[in-house]
Amino acid sequence: MSELAPSILSADFTHLGEQLHTLEKSGTKVLHIDVMDGAFVPSISFGMPVIRSIRKDCGMFFDVHLMIQEPVRYIREFVEAGADSITVHVEACSDIQKTIDEMKQYRIKVALSVNPATGVDAVLPYLDQIDMVLVMGVEPGFGGQKLIPQTLEKVKELDRLRKEKGLSYQIELDGGVNRENLTKIIEHGTDIAVAGTAVFRGNIRENVRDLQEVIAGAS
């Protein structure tokens, strides 16, 4: 069955620990962590110190999404901070293969991401080397955006390719996920749906329950 991955980019950081405990008690297994550098994307979020801090008291799978230029420079530091998987953007890597090779030195899942304007062909040479492809459903850098519907065609294409090639990589969609479009997102082939505002705005426990019910019905 597909998974919900709440993005802490939309969390209230004055109550972050409490909110993470609520997610765990609600059955959440995957936590999406957006790291932004102010260079590859306009915004700046947080880095290793925050991840290291929450890792001490959180048992969820840390799905770390690096929206940073030349992420190969920091792979080891993010692994040491507690990342269970690391996603890098093909647009941010001058040498994608070198970056993949660096990640494969560690016991983490390896993932590539593509922006809305980037085609699936950008990840084709690497599909047999990676564990996941993250499709950005919005322009990276800001939470609360609406899903760009055309990005679901990339999810559909990636799903077709893994069946055709006999591969087992997962497909993740990040951006604009909500209760209204989640069924369509899952039906197109998404394994992990990243949701920020849809989880953290209002009652977290109820939001997670509602989203998980949609996923169960669509899977």
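Residues numbered from 1 in each chain as written. Predicted model: local features only at pLDDT ≥ 70, side-chain atom pairs only at ≥ 80, totals over all residues. Heavy atoms only, no water.

Taking an unreviewed UniProt entry as the reference, the protein is identified by name as Ribulose-phosphate 3-epimerase belonging to Jutongia huaianensis. Here is the UniProt Catalytic activity (unreviewed entry) comment for the protein, exactly as written: "D-ribulose 5-phosphate = D-xylulose 5-phosphate". According to UniProt, the comment filed for the protein under the heading Pathway (unreviewed entry) is "Carbohydrate degradation." (UniProt positions renumbered as here; feature names shortened; annotations may be inferred.)

A. Local environment of the UniProt feature "active site" (unreviewed entry) in the protein. Residues annotated by UniProt as "active site" (unreviewed entry) correspond here to Asp34 and Asp174. Separation in sequence by 141 residues is not matched in space for these annotated residues, since their most distant C-alpha atoms are only 10.2 Å apart. Turning to its location among the elements, Asp34 is positioned in strand E2 (residues 30-36). Polar contacts involving the side chain of Asp34 include one to the side chain of His32, which spans 3.0 Å. (Helix = DSSP H or I, 4+ residues; strand = E, 2+ residues; numbered from the N terminus. Polar contact = N/O pair within 3.5 Å; in protein donor to acceptor, adjacent residues only side chain to side chain.)

B. Region of interest: the layout of surface pockets. Of the volumes computed, that of the second largest pocket is approximately 160 Å³. Only strand E3 (61-67), strand E5 (109-114) and strand E7 (170-174) provide two or more residues apiece to the lining of the second largest pocket. Grouping the constituent residues of the lining of the second largest pocket by class yields six nonpolar, two polar and six charged. (1 Å grid on protein atoms, 1.4 Å probe; cavity = no way out; pocket = protein on both sides within 12 Å on 5 of 7 lines; lining within 4 Å. Points joined across faces, edges and corners; volume = space filled by probe spheres on them. Nonpolar A, V, L, I, M, F, W, Y, C, P; charged D, E, K, R; others polar.)

C. Examining the pairing of strand E4 (residues 85-89) more closely. When you tally the buried positions in E4, you get five out of five residues, the bulk of the element. In the sheet, E3 pairs with E4 via four bridges, with the strands oriented parallel. Bridge pairing in E4 places Asp63 opposite Ser85. Between the parallel pair E3 and E4, the chain is carried across by helix H3 (residues 75-81), and the sense of this crossover is right-handed. Pairing analysis gives five bridges linking E4 to E5, with the strands arranged parallel. Paired with Ile86 across the two strands is Val110, which belongs to E5. For the crossover that starts at E4, traverses helix H4 (residues 96-103) and ends in the parallel E5, the hand is right-handed. (Buried < 20%, exposed > 50% of the residue type's maximum accessible area, 1.4 Å probe, protein only. Pairing = 2+ DSSP bridges. Right-handed = clockwise from strand over helix to strand, strands pointing away.)

D. Representation of the side chain of Lys154. Assignment of secondary structure puts Lys154 in helix H5 (residues 151-165). Here Lys154 sits buried without a salt bridge, and the closest side chain of opposite charge, Glu91, lies 6.8 Å off (N-O distance). If we skip the residues at most four places from it in the chain, Lys154 touches Val114, Asn115, Pro116, Ala117, Thr118, Val120 and Val135. (Lys, Arg positive; Asp, Glu negative; His and termini not counted. Salt bridge = Lys/Arg side-chain N within 4 Å of Asp/Glu carboxyl O. Contact = heavy atoms within 4.5 Å.)

E. Quick look at the pattern of salt bridges. A complete count under the given rule lists 10 salt bridges for this structure. Among the salt bridges present, the one from Arg160 reaches Glu164, with a minimum N-O distance of 2.6 Å. Within this pair, Arg160 and its partner Glu164 are both found in helix H5, separated by four residues, close to a single helical turn. Given a relative accessible area of 38%, Arg160 falls into the partly exposed group. In this structure Glu164 comes out as exposed when scored by relative accessible area, which is 55%. One continuous salt-bridge network, built from bridges that share partners, spans Asp159, Arg162, Lys163 and Asp191.

F. Just the packing of helix H1 (residues 16-25) against helix H8 (residues 204-218), in detail. Axis separation between H1 and H8 bottoms out at 9 Å; the angle between their running directions is 35°. Read as a crossing pair, H1 and H8 show a hand that is right-handed. Contact with H1, carried on its side by Gln19, Thr22, Leu23 and Lys25, involves Ile204, Arg205 and Val208 of H8 and no other residues of that element. When grouped by side-chain class, the residues that make up the contact of H1 with H8 number three nonpolar, two polar and two charged. (Axes fitted to C-alpha atoms, helices over the stretch in contact; angles between N-to-C directions. Left-handed = near helix turned anticlockwise from the far one by under 90°.)

G. Looking closely at the packing of aromatic side chains. Tallied over the full model, the rule gives one aromatic pair. Where Phe13 meets Phe46, the ring centres are 5.5 Å apart and the plane angle is 40°; that geometry is what we call tilted. With Phe13 in the loop between strand E1 (3-6) and H1 and Phe46 in the loop between E2 and helix H2 (48-55), the pair connects residues that are 33 residues apart, well separated along the chain. Judged by its relative accessible area of 13%, Phe46 is buried. (Phe/Tyr/Trp six-rings, centres within 6.5 Å; stacked < 30°, edge-to-face > 60°.)

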